[in-house]
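Architecture and fold: a report
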Amino acid sequence: MNTSLTDTLTGSGSSPAAGKTVLITGGTSGIGAATARLLLGRGHRVAVTGRDPGRLKAFLDEVGHADRVLGLVADASDWDATNTAVAGTVERFGSLDAAVANAGGASADHFGTGGADVMAGGDPQLWAPMVLANVLGPALLAKATLPHLERSHGRLVLVGSVAGIKNSPGNLYSATKWAVVGFAENLRLHATARGVGVTVVNPGLIDTAFWHGQVPPIAMSPDSVAEAIGFALGRPAGVDLNTVTIRPVGQPV
């Protein structure tokens, strides 16, 4: 999906408060929305992307802080849309200090009778959007944001998963998150010489729409992960926090 700046949804106001400018992909629900609320509450400027204009507008109306929030209609797995979203953020706020590659998902296979073992009975027709969002999306965001983050000596946060550091049978979603974890280290090796920090945050069980109504009883709130992302973004200049793994107490794997 190609996106132009005419697809941008904004609030009114023209005097952004002091603080960082942060772009969050997939920012209208779950971890992304919780992170946006947290950062806005701390006085930062926040741009969020989403694919659904209606959901994006509803989030903007609900979250407030119209002078410091920007909504952009964009598909995280599309290069033109991602690049335009980054350009729109810089145009609105003047710079970019951090980006959070949060957009992603799992195919419907992972919540049927076969569980996460899609090799046992999954439909390959459902896999491509998940792979593109989870693997290609963070790479596109990195490509689009790194020139700006070099200028601000900023940070890129990738939202991985405990599924990206622990294997499970036939789990293609897990494989995509292993790719995110591997890419984070590859990206760190590239970005650290350019003054940019890279952090991968690996959440365990989280109470989000990801579970399609089958939320585990011990799942954490998305706010817990948002706090971890906020902690990474708040590290002092010259400090590179690379990996954060966060699980609910009671999750053994």
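Residues numbered from 1 in each chain as written. Predicted model: local features only at pLDDT ≥ 70, side-chain atom pairs only at ≥ 80, totals over all residues. Heavy atoms only, no water.

Regarding the overall build of the protein chain
When its secondary structure is counted, the protein chain shows six helices and eight strands. Helices and strands appear in the protein chain in the N-to-C order β-β-α-β-α-β-α-β-α-β-α-β-α-β. Within the span of the protein chain, comprising 253 residues, buried residues form 50% of the whole. Of the contacts formed within the protein chain by residues at least 6 apart in sequence, a portion of 70% connects residues at least 24 apart. Split by element, the accessible area of the protein chain, about 11100 Å² in all, is 56% carbon and sulfur. (Helix = DSSP H or I, 4+ residues; strand = E, 2+ residues; numbered from the N terminus. Buried < 20%, exposed > 50% of the residue type's maximum accessible area, 1.4 Å probe, protein only. Contact = heavy atoms within 4.5 Å. Areas by Shrake-Rupley, 256 points an atom, 1.4 Å probe, with all protein chains shown as cover.)

Observations regarding helix α3 (residues 79-93)
Relative to the 21 Å expected for 15 residues at 1.5 Å per residue, α3 spans 21 Å between its end C-alpha atoms, a close match to the ideal helical length. Every buried residue of α3 is accounted for by Ala81, Thr82, Thr84, Ala85, Val86, Gly88, Thr89, Val90 and Phe93. The inward-facing, buried residues of α3 abut β2 (21-24), β3 (45-50), β4 (69-73) and α4 (127-152). The N-cap of α3, judged by a side-chain oxygen 3.2 Å from the amide nitrogen of Asp80 a few residues on, is Asp78. Directly beyond the C-terminal end of α3, a positive phi value near 95 degrees is found at Gly94. (Expected span 1.5 Å × (residues − 1). Polar contact = N/O pair within 3.5 Å; in protein donor to acceptor, adjacent residues only side chain to side chain.)

Topic: the packing of α3 against α4
At their nearest, the axes of α3 and α4 sit 9 Å apart, and the two run at 30 degrees to each other. The angle between the axes of α3 and α4 places the two elements in the roughly parallel class. Regarding α3 and α4, the two cross each other, and that crossing is right-handed. Facing Trp79, Thr82, Asn83, Val86 and Val90 of α3, the residues of α4 in contact are Leu140, Leu141, Lys143, Ala144, Thr145 and His148. When its residues are assigned to classes, the contact of α3 with α4 shows six nonpolar, four polar and one charged. (Axes fitted to C-alpha atoms, helices over the stretch in contact; angles between N-to-C directions. Parallel < 35°, antiparallel > 145°, perpendicular 65-115°, else oblique. Left-handed = near helix turned anticlockwise from the far one by under 90°. Nonpolar A, V, L, I, M, F, W, Y, C, P; charged D, E, K, R; others polar.)

Points about the packing of helix α1 (residues 30-41) against helix α2 (residues 53-63)
Their axes nearest at 12 Å, the elements α1 and α2 cross at an angle of 30 degrees. Relative to α2, the element α1 lies roughly parallel. Between α1 and α2 lies a crossing of right-handed hand. Contacts from Ala33, Ala36, Arg37 and Leu40 of α1 reach α2 at Phe59, Glu62 and Val63. In the contact of α1 with α2, the residues fall into five nonpolar, no polar and two charged.

A word on the nonpolar core
Membership of the largest hydrophobic core comes to 28 residues, with the highest contact counts inside it found for Ile24, Val201 and Ile229. Sort the elements by how many residues they give to this core and α1 lands first, with five residues. Aside from chain neighbours lying at most four places away, what touches Val201 is Val157, Leu158, Val159, Gly160, Ser161, Val225, Ala228, Ile229, Val244 and Ile246. The next biggest cluster of nonpolar side chains, apart from the first, holds 27 residues, and it includes Leu72, Ala142, Leu187 and Val200. (Core = buried A, V, L, I, M, F, W, Y, C linked by side-chain atoms within 4.5 Å.)

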